[in-house]
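Architecture and fold: a report
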Amino acid sequence: MFHFDQSDFDKFRSLNSSESNHMDLDLDFVSLDDWDFDVAPLQHQSNVYETKKLISVQTDKSSEITESKKKMGSQLPSALKILKDYDTVRFKRSNTEKKIIISSECVKLSTNEILRLGAEKFIQSFAISGNQEAYMFSHPFASSFLGLSEEDTRNVALVVNLLASAEKVDKRQFDRARKLLNECDKSCSSTGNPIQRLVYYFSQALHERIDRETGRDASKGIGMKRLVDIENPLMRLDPFMIAAHQKIPLSQVTQFAGVQAIIDHVAESKKVHIIDLGIGSGMQWAILMHALSCESESSLKHLKITALCTKLRHKIDETRERLTSFAESLNLTFSFNIVMVKDIMELKQDDFELDEEESIAIFSRYILMRMLARQEKLDFLMRVIKGINPLAMIVIEVEANDNSPVFVDRFVDALFLYGAFFDSLEDCMKDDERSRTATESEHLSQGIRSIVANEGEERTIRHVKIDVWRAFFARYGMEEVELSMSSLYQANLVQKNFACGSSCTLEMNNNCLLIGWKGTPLNSLSAWKFS
């Protein structure tokens, strides 16, 4: 049975008093008031089968493409053909997500639906007018999309201009791109509706790309700086990140289901050794400790956690202090090691102080994607992991495909990915604009600018989908193992305990759990072992 209540989070958060004193906002680390995360033995889970059926949402594989789209496809610039088959090929939608229906009644559309209408309208512009820009600024959108509200109509036009500017940047027609971006800038802002905020940050990124391409901005190392800017809030109990974690189900669904996947593989062991490739604030291991301490028949004698890091050693030390104090409060025998290397290429298997009696599991949460820009580092790390031969490796990654070498393909994929993130922030954080704005400006914007404005090793934020990871892991003899019913049950239970949980979609892709927002996959959770 696995229950982690509010007092436990408060206790964990307060263990680092030096950091807590700097948190002016009265925020809980995670709001789980009156939540009861119980995972009963399988024979007692009469509803688990139905849970799995509920999660196993099949994607819409309809292959129908209208004749008008086929005709338009031959007229599209090759770089933007990605948009043509959006509904049917590139972006699979859960069949729980309704198709866009424009009727005589004004219905407010989701961010994803606005983006798809904008993409559709952008494609149509090539069939209607040879002069794309003239069409952008003169076409009467309201009469084309009868039933759209005035706000949604303006949002569709805004998306069309953003896509047009990206296409011009791809063609290196920078003056024309700036003209289109200037039109965008008149209507978007960091404090508007989700589409206006999304376009604001993508417009900023395109401006920056133009400046770098034209030599106005020749700064180096900006990609690594952005990666550090993203990592820093994850390493501390940042109040704005706490607020987002508190109110948006995506993070907690992956966290609780991921912890359960660890428990499934080590629950009967006397000595457990968790190697975390990116420990962050360590909250996931507070959840694990509590679960293990509550197990009356647990055989656990010692829990060891090893944190791998290449920088921010002082932040890892703070995490160690919090976890050590939390373990003491639970009377849990615990040790915490830090493996610090300046470069991942210096890592050795012996650094982990392995014990033959230990059951070893590796936890990787949003870490492997950071090495996609340096393939040799990723390969080296995987060889070390193979040498350790853990019982299981639990992997959580962003489920997206914005690593294409073709700029405009990458731009479109990133636009829909971040569109779903902005939509989730809008729906779940309506009563906390300050935290929502900070999350978008300090975290999401850095990812957008890395993907859109940078190239080569400067593009440090990259994401690939589970199929790519499967092919990569297969090279090291890794087999994907099925997530337990308990893990899926945890995911479903967490989802249901959020006010906006119904918009958080759970979907099985073979043995991998995809966690998304309104049908757009955002995270993947998978478990692996070496054959």
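Residues numbered from 1 in each chain as written. Predicted model: local features only at pLDDT ≥ 70, side-chain atom pairs only at ≥ 80, totals over all residues. Heavy atoms only, no water.

Counting its regular elements, the chain contains 21 helices and nine strands. Going through the 531 residues of the chain one by one, you find that 60% of them count as buried. Surface accessibility of the chain: about 21800 Å² in total, with carbon and sulfur atoms responsible for 48%. (Helix = DSSP H or I, 4+ residues; strand = E, 2+ residues; numbered from the N terminus. Buried < 20%, exposed > 50% of the residue type's maximum accessible area, 1.4 Å probe, protein only. Areas by Shrake-Rupley, 256 points an atom, 1.4 Å probe, with all protein chains shown as cover.)

Attention shifts here to the pattern of salt bridges. Inspection of the entire model under this criterion finds 33 salt bridges. Of the charged contacts, one joins R197 and E440 as a salt bridge, the two residues approaching to 2.8 Å between their closest N and O atoms. Placement of the pair is R197 in helix α11 (residues 194–213) and E440 in helix α19 (residues 433–453), with a sequence separation of 243 residues. For E357, the salt bridge goes to K271, with nearest N and O atoms at 3.2 Å. A residue pair is termed long-range when its members are at least 10 positions apart, and E357 in the loop between β3 (334–340) and β4 (359–365) and K271 in strand β1 (residues 271–276) qualify at 86 residues. On the basis of relative accessibility, which here comes to 57%, the residue E357 falls in the exposed class. What you see here is one network of salt bridges that share partners, running through R172, R209, E213, R410, E455 and R459. (Salt bridge = Lys/Arg side-chain N within 4 Å of Asp/Glu carboxyl O.)

On to the packing of helix α13 (residues 239–247) against helix α14 (residues 249–266). Describing two packed helices takes the angle between their axes plus the distance from one axis to the other. Relative orientation of the contacting elements α13 and α14 amounts to 75°, with a least axis distance of 5 Å. One way to sum up the angle between α13 and α14 is to call them roughly perpendicular. Where α13 approaches α14, its residues H245, Q246 and K247 are matched on the opposing element by P249, S251, Q252 and Q255. Looking at side-chain class alone, the contact of α13 with α14 contains one nonpolar, five polar and one charged residues. (Axes fitted to C-alpha atoms, helices over the stretch in contact; angles between N-to-C directions. Parallel < 35°, antiparallel > 145°, perpendicular 65-115°, else oblique. Contact = heavy atoms within 4.5 Å. Nonpolar A, V, L, I, M, F, W, Y, C, P; charged D, E, K, R; others polar.)

The next subject is the packing of aromatic side chains. Applying the stated rule across the entire model yields 13 aromatic pairs. Ring centres of F407 and F411 lie 6.0 Å apart, and the angle between their planes is 55°; this geometry places the pair in the tilted category. Here F407 pairs with F411, and both are found in helix α18 (residues 407–428), just four residues apart, close to one helical turn. The class for F407 is buried, based on a relative accessible area of 5%. (Phe/Tyr/Trp six-rings, centres within 6.5 Å; stacked < 30°, edge-to-face > 60°.)

This next bit is on the state of the cysteines. One pass over the structure, following the stated rule, counts one disulfide. Covalently, C428 is tied to C500 through a disulfide, its sulfur atoms 2.2 Å apart. Classification of the bridge connecting C428 and C500 rests on its S-S torsion, roughly 110°, and on that basis the disulfide is right-handed. Here C500 lies in the loop between α21 (485–496) and β7 (504–509) and C428 lies in helix α18, a separation of 72 residues in the sequence. Taken individually, C428 and C500 each receive the classification buried, so the pair is uniform in this respect. (Disulfide = S-S within 2.5 Å.)

This part is about the pairing of β3. Counting buried positions along β3 yields five of seven residues, so the element is predominantly enclosed. Sheet topology note: the strand β2 (residues 302–309)/β3 ladder contains seven bridges and is parallel. In the sheet register, I305 faces β3, and the bridge partner there is F336. Handedness of the β2-helix α16 (residues 313–329)-β3 crossover: right-handed. (Pairing = 2+ DSSP bridges. Right-handed = clockwise from strand over helix to strand, strands pointing away.)

Along the chain, M289 turns up in helix α15 (residues 283–293). For M289, a relative accessible area of 0% corresponds to the buried category.

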